[in-house]
Amino acid sequence: MKKATTIKEIYSVFAHEKFLKADDKDFYVDLYETDFKRFVVALKNNEIPSKAFFIAGQSGNGKSTVLNLLTTNYPELEDNFEFNYIAGRTIFLYEDIDIVDILIMIGNTLTKNNPTLQGKFFEKLQKLEDVKDGLLEESSTNSDKSEENLGIKAKIGVGAKFLSILKASVDLESSYKINEEIRNDARRFFKIKRKELIDLINDIILEYKVLKNDGKSLVIVIDDLEKKDNIDNLFLKDISLLNELNLIKIVTIPIHIHRNETFPASDVREFGLKLKTYDDNPTKDIELLRKVILKRLENTNLITEEAINLAIEYSGANLRQLIKIIHIAAEEALTFDSETITDKEVQEAINRLQRDYSSKAMNMKTFLNDILKDKFYEDNSTNLTNIARATKMELVFAYFNGIVWYEVNPIIKNILSKYTKQWNHF
């Protein structure tokens, strides 16, 4: 990307679907400098080979960018660590993610660029077909009960569809993510074989380290899982299985999961911005968000100060929402041949986002009004479900500054008020 010199270029560089890469360092604003330095120090001094770090924060707050630029911003990490990335938004195109999916994709990620190592990975997976808790041996015995034999054959067939794609030497990642039948078959197969799968992945990790022979610690970064809809059970029930893998894990998690009392005691780092403190005092994060806008502009006269202030105010300190507001405002300016983005174009962007959020807000208006009033929620199963939905849909933003609180997305405050008045009228 290059810095914007026209409204059309603003529209491009503020496309919220784009993520900053190493080549885009001129655009980067270190939003979490102090907190991330602490995390890097903890990583450097870690002495637990199977350590798991969890990165919590509101979706859209820039966690992915920071993690993708980890070695760019801290190049000394490459002296002692080798990083491998699993981007959930591309590898897991489906919502119903299982721990088996993650374990298989860790093995695939470590081996996919080395045909010899990948061959060993596939071979080890296929060998598990012959170890089905005695089912093969049981099927070889003579039995006069045909129904029993049919049941045994059905059990033996579990895993066949998944293992067939390994034998076909196809792209495991692509086949796995687009074929629900194969995923379900793999999950059934490994439901009673999770220990064997974990042992297998650990064997691959060891072979990977021996092959590299550079003394570096192996790190797997698993990003974007928190953006999925049906992810809570994975983190609350199965994520501890990752601790059994002999490599360092960095995993992003939904902000509400960290605050769930059933989440296992782990090393969780929270990252987030805020426009004001719990007591409504402005924060220095406002200037960081201003830098995010100005760093993408070669010609700062293309947008007025009033427009920038309004965009920041309605961003709720959410980086993705801020960028989306500027992107839509640029589209508005292009539509009507405006030479400058003013607060008029930004207000139209806000209005459009209000329309996008309106039906979602209406369906949760009671809960949202409680958050609007109290900034907290009563800890019960219904509210835990609601806060999970509301934060994922970006109807509510989570904040922390010594204490934890929630705010309704400023984009929907006005329409929430209108819905409430209309509801009370009836």
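An account of the accompanying structure is given in this report. (Residues numbered from 1 in each chain as written. Predicted model: local features only at pLDDT ≥ 70, side-chain atom pairs only at ≥ 80, totals over all residues. Heavy atoms only, no water.)

**A look at the sheet that holds strand 3 (residues 217-223)**
What counts is decided by this rule: A pair of strands is considered paired only if DSSP assigns at least 2 bridges between the two. Helix and strand assignments follow DSSP, with helices taken as H or I runs no shorter than four residues and strands as E runs no shorter than two, numbered in order from the N terminus. All axes here are fitted lines through C-alpha atoms, helices being fitted over the stretch that makes contact, and every angle between N-to-C directions spans 0 to 180 degrees. Two residues form a contact once any of their heavy atoms are found within 4.5 Å.
Strand order in this open sheet of five strands is 2-3-4-1-5, and the pairing throughout is parallel. Both edges of this open sheet fall to strand 2 (81-87) and strand 5 (267-270), since each of them pairs with a single strand only. Between one strand and the next, the sheet's axes are offset by a mean angle of 20 degrees, whatever the strand orientation. Where strand 1 (residues 52-57) lies against strand 4 (residues 248-254), six bridges are found, and the strand directions are parallel. Directly across from Ala56, in strand 4, lies its bridge partner Ile253. Each of strand 2 and strand 3 touches helix 6 (residues 99-111); the most contacted strand, strand 2, lies at about 130 degrees to it.

**Here we look at the packing of helix 7 (residues 115-127) against helix 13 (residues 194-212)**
So the rule is basically this: In these notes the angle categories are as follows: under 35 degrees is roughly parallel, over 145 is roughly antiparallel, 65 to 115 is roughly perpendicular, and the rest is oblique. Two helices cross in a left-handed way if the nearer one is turned anticlockwise from the farther one by less than a right angle. They cross in a right-handed way if the turn is clockwise.
Running from N to C, helix 7 and helix 13 point in directions that differ by 160 degrees, and their axes come no closer than 11 Å. Regarding the angle of helix 7 to helix 13, the classification is roughly antiparallel. For the pair helix 7 and helix 13, the crossing hand works out as right-handed. Contacts between helix 7 and helix 13 pair Leu117, Lys120, Phe121, Lys124 and Leu125 from the former with Leu197, Leu200, Ile201, Asp203, Ile204, Glu207, Tyr208 and Leu211 from the latter.

**As for the pattern of salt bridges**
This is how it is decided: Salt bridge, as used here: a side-chain nitrogen of Lys or Arg that lies within 4 Å of a carboxyl oxygen of Asp or Glu. Per-residue accessibility, obtained with a 1.4 Å probe over protein chains only, is compared with the maximum for each type, and a residue is labelled buried under 20%, exposed over 50%, and partly exposed between these values.
As enumerated under the stated definition, the model contains 29 salt bridges in all. Between Glu207 and Lys124 there is a salt bridge whose closest N-O contact spans 3.6 Å. Of this pair, Glu207 sits in helix 13 while Lys124 sits in helix 7, placing them 83 residues apart in sequence. Owing to a relative accessible area of 23%, Glu207 belongs among the partly exposed residues under this scheme. Since its relative accessible area comes to 24%, Lys124 is described here as partly exposed. In this structure, Arg188 engages Asp185 in a salt bridge whose closest nitrogen and oxygen atoms are separated by 3.6 Å. Pair noted here: Arg188 and Asp185 are both in helix 12 (residues 180-191), with a separation of three residues, about one helical turn.

What is shown is where atoms sit, not what they do.
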